[in-house]
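Here are the chains, one letter per residue:
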Amino acid sequence: MPSTTGSKVRRWDQHGREHVVEVQRVGIQRSLNCGTCGWRKGVQFLPWLKAQEHLAEAHQATVDPAGSRT
């Protein structure tokens, strides 16, 4: 049985609410799970980009916490 690994894409909206999409990987398959609305999608390429697009379009969450670091 293949091992599962994962990461998260976090963004904040203009009201300061955090939105998270989990990126799960099993072998070469990746699936995205939105913790806010329950949206799910299977992707093969660029999962983090797809997660960012979902957060921006569905939740207007575009503030990257890592982007504010210097």
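Residues numbered from 1 in each chain as written. Predicted model: local features only at pLDDT ≥ 70, side-chain atom pairs only at ≥ 80, totals over all residues. Heavy atoms only, no water.

## With respect to the confidence of the model for the chain
Chain-level statistics for the chain give a pLDDT mean of 89 and a share of 89% at 70 or above. Averaged over each element, pLDDT in the chain is lowest for strand β1 (residues 4-12) (87) and highest for helix α1 (residues 47-59) (97). (pLDDT = per-residue confidence, 0-100. Helix = DSSP H or I, 4+ residues; strand = E, 2+ residues; numbered from the N terminus.)

## Regarding the side chain of Asp13
Here Asp13 lies in the loop between β1 and β2 (18-26). In this structure the side chain of Asp13 is engaged in a polar contact, spanning 3.1 Å, whose partner is the side chain of His19. With near-sequence residues (within four places) excluded, Asp13 lies in contact with His19, His59, Gln60 and Ala61. (Polar contact = N/O pair within 3.5 Å; in protein donor to acceptor, adjacent residues only side chain to side chain. Contact = heavy atoms within 4.5 Å.)

## Quick look at the side chain of His54
Its place among the elements puts His54 in helix α1. Accessibility expressed as a relative area gives 9% for His54, which makes it buried. Polar side-chain contacts of His54 include one of 3.4 Å to the side chain of His59. The contacts of His54, once residues within four sequence positions are left out, are Val21, Cys34, Cys37, Trp39 and His59. (Buried < 20%, exposed > 50% of the residue type's maximum accessible area, 1.4 Å probe, protein only.)

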